[in-house]
Amino acid sequence: MLSDALWFLKRSDDWVATTIIGGVLSLLSVLILPGIILQGYFVRAMQAAANGERAAPSFTDWGGLFVDGLKLFVVTFVWALVAIVPSMLLSVIIGIGTFTVSEAATGSAAASSAGGVGLGIVSVVLGLLVFVLSLLAAYLGPAAGANFAIEGNLAAGFDVRTILSGAFTGEYAVAWLLALVVAIVLGFIGGLLSVIVVGLFVLFYVQVITYYLWARGFADATGKSQQPTQSTGW
């Protein structure tokens, strides 16, 4: 799986042009529209990976890329709320607690101390909860995106039963961990090279690899994958 992922983009007949376009879109992502189109390309990459294709797709049908990218953005954003909402609640609770403790400080020192200890314990517990939920969102989000790409409809991105059944399998877990390692190692290299712009193209290449792994792992886990076709060359 990892070997296929690493060579996925390289096997495309126009991989150089695709990489250049992807890198430029990454650079312009701050303008939002290029970023959405880039997300649309990742949808196609996931579809190709799930279908067992050995070469990455090209940038074609830009209108379709925009629509698919917008849908993937919605799926990703909604699943990210699993971590965002608790984080916001934690900030509110800590803020209220801090105000309460400061008010208690005007009273007895013992009450103020007890309040501070209590606030500290609650903050730690809630902080751990937010961390767990953030990790869960980072794990399930790609699975939701993969299911959406495979099925081709937005509702599939929120099919909780299918997403959970596919995500909590050995196939997807291994693919997710491989994607994490690739993102950390190659992403670090790409980040360093970003100083001379070249890194943007490396980071795009890395993103294609991670999306391939997520989709391939999820497709294998849910039985939606097909046997890879013969390679058309490097």
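Here is a short report on the structure shown in this document. (Residues numbered from 1 in each chain as written. Predicted model: local features only at pLDDT ≥ 70, side-chain atom pairs only at ≥ 80, totals over all residues. Heavy atoms only, no water.)

1. Examining the packing of helix α2 (residues 15–27) against helix α8 (residues 198–222)
Working step 1: Contact geometry of α2 with α8 gives a least axis separation of 8 Å together with a crossing angle of 105°. Considering the angle they form, α2 stands roughly perpendicular to α8. When α2 is examined against α8, the residues Trp 15, Thr 18, Thr 19, Ile 20, Gly 22, Gly 23, Val 24, Ser 26 and Leu 27 are found in contact with a partner set consisting of Leu 200, Phe 201, Phe 204, Tyr 205 and Gln 207.
Working step 2: Taken together, the residues that form the contact of α2 with α8 break down as eight nonpolar, six polar and no charged. (Axes fitted to C-alpha atoms, helices over the stretch in contact; angles between N-to-C directions. Helix = DSSP H or I, 4+ residues; strand = E, 2+ residues; numbered from the N terminus. Parallel < 35°, antiparallel > 145°, perpendicular 65-115°, else oblique. Contact = heavy atoms within 4.5 Å. Nonpolar A, V, L, I, M, F, W, Y, C, P; charged D, E, K, R; others polar.)

2. Notes on the packing of aromatic side chains
Working step 1: Under the counting rule described, the total for this entry stands at 14 aromatic pairs.
Working step 2: With 5.7 Å between their ring centres and 25° between their planes, Phe 59 and Trp 62 make a pair best called stacked.
Working step 3: Judged by its relative accessible area of 9%, Phe 59 is buried.
Working step 4: The class of Trp 62 is partly exposed, set by a relative accessible area of 39%.
Working step 5: Arranged with centres 5.9 Å apart and planes meeting at 40°, the rings of Tyr 139 and Phe 168 form a pair that is tilted. Within this pair, whereas Tyr 139 is found in helix α5 (residues 109–151), its partner Phe 168 is found in the loop between α6 (160–167) and α7 (170–193), the two being separated by 29 residues in sequence.
Working step 6: Assessed through its relative accessible area of 13%, Tyr 139 is described here as buried. (Phe/Tyr/Trp six-rings, centres within 6.5 Å; stacked < 30°, edge-to-face > 60°. Buried < 20%, exposed > 50% of the residue type's maximum accessible area, 1.4 Å probe, protein only.)

3. Overview of the side chain of Thr 169
Working step 1: Structurally, Thr 169 is set in the loop between α6 and α7.
Working step 2: Not counting residues within four places of it along the chain, the set of residues in contact with Thr 169 comprises Tyr 139 and Ala 221.

4. Overview of the nonpolar core
Working step 1: With 43 residues, the main nonpolar core has Tyr 41 and Phe 204 as its most contacted residues.
Working step 2: Broken down by secondary-structure element, the contributors of at least two residues to this core are α3 (33–50), α4 (62–104), α5, α6, α7 and α8.
Working step 3: In terms of residue count, the dominant contributor to this core is α8 (eleven residues).
Working step 4: Each residue touching Phe 204, except ones within four places of it in the same chain, is listed here: Leu 9, Thr 18, Thr 19, Gly 22, Gly 23, Ser 26, Leu 38, Tyr 41, Phe 42 and Phe 59. (Core = buried A, V, L, I, M, F, W, Y, C linked by side-chain atoms within 4.5 Å.)

5. Re the pattern of salt bridges
Working step 1: Going through the model one piece at a time under the given rule, you end up with five salt bridges.
Working step 2: With its nearest N and O atoms 3.8 Å apart, the salt bridge here joins Arg 11 to Asp 4. There is no split in this pair, since Arg 11 and Asp 4 are both buried.
Working step 3: Among the ionic pairs, Arg 216 bridges to Asp 220, the shortest N-O distance being 3.6 Å. (Salt bridge = Lys/Arg side-chain N within 4 Å of Asp/Glu carboxyl O.)

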